[in-house]
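# Observations on the model geometry
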Amino acid sequence: TMRIVVSALLLAGAVAWAPASSFMPSLRSTRVATSGRPSSSSLALDMKVAVFGASGLTGAEVAYQALQRGEEVVALARTPSKVTKPQGSCGESATTDPLSDVKLKVLAGSVTNQADVDAVFAEGGITSVVVALGGKTKDVGETMLTDGTSNIIKAMKANGVKRIAVVTSIGAGDSESQAPFFFKVLMWTAMKKIFTDKNNQEALFFTGPGKDLEFCIVRPGGLNVEAPTGVINVIEGQAGSIPRADVADFCLGAALDADFPYIGKTPCISSVGGTGWTKDRSGTARGEMAN
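Rules of the game
- Residues numbered from 1 in each chain as written.
- Predicted model: local features only at pLDDT ≥ 70, side-chain atom pairs only at ≥ 80, totals over all residues.
- Heavy atoms only, no water.
- Helix = DSSP H or I, 4+ residues; strand = E, 2+ residues; numbered from the N terminus.
- Contact = heavy atoms within 4.5 Å.
- Salt bridge = Lys/Arg side-chain N within 4 Å of Asp/Glu carboxyl O.
- Buried < 20%, exposed > 50% of the residue type's maximum accessible area, 1.4 Å probe, protein only.
- Phe/Tyr/Trp six-rings, centres within 6.5 Å; stacked < 30°, edge-to-face > 60°.
- Pairing = 2+ DSSP bridges.

With that out of the way, let us pick up the environment of V49. Within the fold, V49 resides in strand β2 (residues 48-52). Excluding anything up to four places from it in sequence, V49 contacts E72, V73, V74, S128, V130 and L256.

Turning to the pattern of salt bridges, a few remarks are in order. Counting across every chain of the model gives seven salt bridges. Residue E202 pairs with R219 through a salt bridge whose shortest N-O separation is 2.7 Å. Here R219 lies in strand β7 (residues 214-220) and E202 lies in helix α8 (residues 192-206), a separation of 17 residues in the sequence. A cluster of three or more residues bridged by salt bridges with shared partners is formed by D174, E202 and R219.

Now for the environment of L107. Inspection of the secondary structure puts L107 in strand β4 (residues 104-108). A relative accessible area of 14% means that L107 is categorised as buried. Here the alpha-carbon distance between L107 and V74, two residues 33 residues apart in the chain, equals 7.5 Å. Sequence-distant contacts of L107, that is, excluding residues within four places in its chain, are made with V74, A75, L76, A77, P80, A119, V120 and E123.

Applying the stated criterion across every chain, the model contains six aromatic pairs. Relative to F215, the ring of F205 has its centre 5.5 Å away and its plane inclined at 40 degrees; by these criteria the two rings are tilted. Of the two residues, F205 sits in helix α8 while F215 sits in strand β7, which places them ten residues apart along the sequence. For F205, a relative accessible area of 1% translates into the label buried. The class of F215 is buried, set by a relative accessible area of 7%. Through a chain of ring-to-ring contacts, three or more aromatic side chains come together here, namely F205, F206 and F215.

With that settled, the discussion passes to the pairing of β7. Buried residues dominate β7, accounting for six of its seven residues. Strand direction decides the pairing type here: strand β6 (residues 163-167) and β7, joined by five bridges, are parallel. Each residue of the ladder has a partner; that of V167, found in β7, is V218. By the bridge criterion, two bridges tie β7 to strand β11 (residues 268-270) in an arrangement that is parallel. Considered in β11, the bridge of P220 is made with I269.

What follows is the structure, encoded as structure tokens:
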């Protein structure tokens, strides 16, 4: 039956992409210098980052790391109490601790509600935006990414904010060939609706209202919640895995550094360049809403 065929394809793909010391796919990559460094030049002396998706696994990393850099953060979350310390940067035992800081303000609301998004920018002084939305389609809806990002673009334009980093996924847009085969099968089947939403979300910046913004569409490989490696490869071939903490670091570079080299581009990133593919399949990673 169809289920057996899909399972067989997934197994074959997983075996083909299992790490092996004798296997190194052909790829071209550029290693990006990562965190722990102040940027050589920033958009403003006093930075204030709006984070959408801060209750999710990647968004929490973005908010935490921005605060660690000394920046102000305004976050929008449907349930503010779910904005907690990230596992990758802080350890698993810290994930039940609320993320708190004098420079952090978390607002309750939904990214699909324009008034809630506008409230983030009404805090004043927003200099850049990071969008790290996620969640199961059955929980958040089939168009949440596109609708929410459209609301964010409207608010940015109304407030004169230009810089935005948006996390989508390997396989989105023209990067389908960079995903391993077993992941493509998921894209064509179980994840078809979410990838339709991701593609429409990206299109907002290519041909839609966000085309005149300073955007960076970030397409990570297989996500996990491991500690940051400090290694971020921009991959032109097949990508491997990457901790969410490293994704967050790259996004903050895109959001904060005036001379970031991937503005107006769609970099695919991984810490393990093509040697393996592991995606966090924990219940939290699969089920948490981040809008």
